[in-house]
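# Results of the structural survey
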Amino acid sequence: MVHFTAEEKAAVVSLWAKVNVELVGGEVLGRLLVVYPWTQRFFDNFGNLSSESAIMGNPKVKAHGKKVLTSFGNAVKHMDDLKDTFAELSELHCDKMHVDPENFKLLGNMILIVLATHFSKEFTPQVQAAWQKLTTAVANALAHRYH
Amino acid sequence: MLSAQERAHVAQVWDLIAGHEAAFGAELLLRLFTVYPSTKTYFKHLGVCPDEAQLLTHGQRVLEAVGVAVQHTDHLRAALSPLADLHAQVLRVDPANFPQLIQCFHVMLASHLQGEFTVQMQAAWDKFLTEVAVVLTEKYR
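Here we summarise the structure given alongside this text. Worth saying up front: this structure is predicted, and the values here are computed from it rather than measured.

### Comments concerning the overall build of chain A
Assigned secondary structure in chain A consists of eight helices and zero strands. Going residue by residue from the N terminus, the α and β elements of chain A occur as α-α-α-α-α-α-α-α. Based on the C-alpha atoms only, the size of chain A along its principal axes is roughly 45 × 40 × 20 Å. Among the 147 residues that make up chain A, the fraction classed as buried is 49%. In chain A, the share of contacts with a sequence separation of at least 24, taken over all contacts with a separation of at least 6, comes to 74%. Accessible surface, chain A: about 7300 Å² in total, of which carbon and sulfur atoms supply 56%. Chain A carries 15 positive and 15 negative side-chain charges, and their two centres are separated by 3 Å.

Shown next, in the form of structure tokens:
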């Protein structure tokens, strides 16, 4: 179990309270699909992903991004219990979606970059470290039930 | 290989850094050491808690090298050959660390440029820095 200090929890929770999940979720997934185009392999039925503007404006990308980031909000609420919180999702990503866990790391990194664009100087090295710890822990929790 | 448009984006990003290599370099290293503490193992000479002066000095060195890479995106191997030798023979930084440095670079740029750090800039810069990392570790074996 990953241990988060009181400071790390505070850094995560206070920033999360200010996050527009719909907006940020869409940006995160959009950037993932543009910067790492091979991740598009999981989204064949998303329609037009042919250009950067098509991806960033794609309504399915925005909707799915919101869904993913909403789920991430669950992580913020259960930082002490991530493996159990994501057990079911882990099995789903393995058995149904066949997603290489490497992608969880890529998405986690993208969350941090988008948060940095929104929060600017507030996204200090310490805040970045707390968030990095969380995204890494979530990635591990999502990979935990793979077999 | 960077397209013309990607090279333009890389140059655009560099325009913001040029002249401020020390400050950006220091912030880059501070983020790296804070977020990925194991990277400090490569900087024993800077001590457990590097001070600002040390970060500025070393940060400048790192960013000036990035600047050289920016000027020579068409022939990175030739331009970075001495640095590649240094990394292979002396520094021997495990290649797994470069993505961590690159991530910190993106976060730093994102926090400074905010919305101006467009997805195309991020994509081009990521591709460019990844190529630099490949060149720097290519002579390892």
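### Observations regarding the packing of helix 6 (residues 98-113) of chain B against helix 7 (residues 119-137) of chain B
All names here are of chain B. The interhelical angle for the contact between helix 6 and helix 7, taken along N-to-C directions, is 150°, at an axis separation of 10 Å. Relative to helix 7, the element helix 6 is oriented roughly antiparallel. For helix 6 against helix 7, the interelement crossing comes out right-handed. Touching Phe-98, Ile-102, Phe-105, His-106, Leu-109 and Leu-113 of helix 6 are Met-121, Gln-122, Trp-125, Asp-126, Leu-129, Thr-130, Ala-133, Leu-136 and Thr-137, all from helix 7. Partitioning the contact of helix 6 with helix 7 into residue classes produces 10 nonpolar, four polar and one charged.

### Side note on the packing of aromatic side chains
Residues and elements named next belong to chain A. For the structure shown, the criterion picks out nine aromatic pairs over all chains. Each ring, one from Trp-16 and one from Trp-131, has its centre 6.1 Å from the other, and the planes form 35°; the classification is tilted. Residue Trp-16 is found in helix 1 (residues 6-16), and its partner Trp-131 is found in helix 8 (residues 125-143); the two are separated by 115 residues along the sequence. Assigned by exposure class, Trp-16 and Trp-131 land together as buried. Three or more aromatic residues link up through ring pairs in this structure, and these residues are Trp-16, Phe-72 and Trp-131. Its guanidinium or amino end placed over the ring of Phe-42, Arg-41 lies 4.9 Å from that ring's centre, counting from NZ or CZ.

### Description of helix 4 (residues 59-77) of chain A
All names here are of chain A. For helix 4, built from 19 residues, the straight-helix expectation of 27 Å at 1.5 Å per residue is met to within 8% by its first-to-last C-alpha distance of 27 Å. Among the residues making up helix 4, those that are buried are Val-61, Gly-65, Leu-69, Phe-72, Gly-73, Ala-75 and Val-76. Mapping the buried residues of helix 4 onto a view down its axis gives an arc of 145°, with all of them on the same face. Across from the buried face of helix 4, at angles greater than 90 degrees, the exposed residues are Pro-59, Lys-67 and Lys-77. Here helix 4 starts with a cap whose side-chain oxygen sits 2.7 Å from the backbone nitrogen of Lys-60, and that cap is Asn-58.

### Here's the deal with the interface of chain B and chain A
In this assembly, 21 residues from chain B lie in contact with 22 residues from chain A. Between chain B and chain A, roughly 1800 Å² of surface is buried when both sides are summed, and carbon and sulfur atoms account for 59% of that area. Per-residue buried area on chain B facing chain A is highest for B:Gln103, B:Val119 and B:Gln122; these three make up 28% of the total on that side. Where chain B packs against chain A, one counts zero salt bridges. The interface formed by chain B and chain A includes 10 residue pairs in polar contact (both at pLDDT 80 or more). For the side of chain B that touches chain A, the elements supplying multiple residues, two or more each, are helix 2 (21-35), helix 6 and helix 7 of chain B. Looking at which element gives the most residues to the side of chain B that touches chain A, the answer is helix 6 of chain B, with seven residues. Of the residues that constitute the side of chain B that touches chain A, the class distribution is nine nonpolar, 10 polar and two charged.

### Describing the layout of surface pockets
Residue and element names in this part refer to chain B. Here the second largest pocket is characterised by a volume of approximately 720 Å³. Lining the second largest pocket are 29 residues, with Phe-43, Val-62, His-87, Phe-98 and Leu-101 sitting closest to its centre. Listing elements by their share of the lining of the second largest pocket, those giving two or more residues are helix 2, helix 3 (52-71), helix 5 (81-91), helix 6 and helix 7. Per-element accounting of the lining of the second largest pocket gives the leading share, six residues, to helix 3. The residue makeup of the lining of the second largest pocket, split by class, is 21 nonpolar, six polar and two charged.

About the thresholds
Residues numbered from 1 in each chain as written. Chains lettered and ligands numbered in written order. Predicted model: local features only at pLDDT ≥ 70, side-chain atom pairs only at ≥ 80, totals over all residues. Heavy atoms only, no water. Helix = DSSP H or I, 4+ residues; strand = E, 2+ residues; numbered from the N terminus. Buried < 20%, exposed > 50% of the residue type's maximum accessible area, 1.4 Å probe, protein only. Contact = heavy atoms within 4.5 Å. Areas by Shrake-Rupley, 256 points an atom, 1.4 Å probe, with all protein chains shown as cover. Lys, Arg positive; Asp, Glu negative; His and termini not counted. Charge placed at Lys NZ, Arg CZ, Asp CG, Glu CD. Axes fitted to C-alpha atoms, helices over the stretch in contact; angles between N-to-C directions. Parallel < 35°, antiparallel > 145°, perpendicular 65-115°, else oblique. Left-handed = near helix turned anticlockwise from the far one by under 90°. Nonpolar A, V, L, I, M, F, W, Y, C, P; charged D, E, K, R; others polar. Phe/Tyr/Trp six-rings, centres within 6.5 Å; stacked < 30°, edge-to-face > 60°. Lys NZ or Arg CZ within 6 Å of the ring centre and 35° of its normal. Expected span 1.5 Å × (residues − 1). Arc of directions from axis to C-beta. Polar contact = N/O pair within 3.5 Å; in protein donor to acceptor, adjacent residues only side chain to side chain. Buried area = accessible area lost by both parts, 1.4 Å probe. Salt bridge = Lys/Arg side-chain N within 4 Å of Asp/Glu carboxyl O. 1 Å grid on protein atoms, 1.4 Å probe; cavity = no way out; pocket = protein on both sides within 12 Å on 5 of 7 lines; lining within 4 Å. Points joined across faces, edges and corners; volume = space filled by probe spheres on them.

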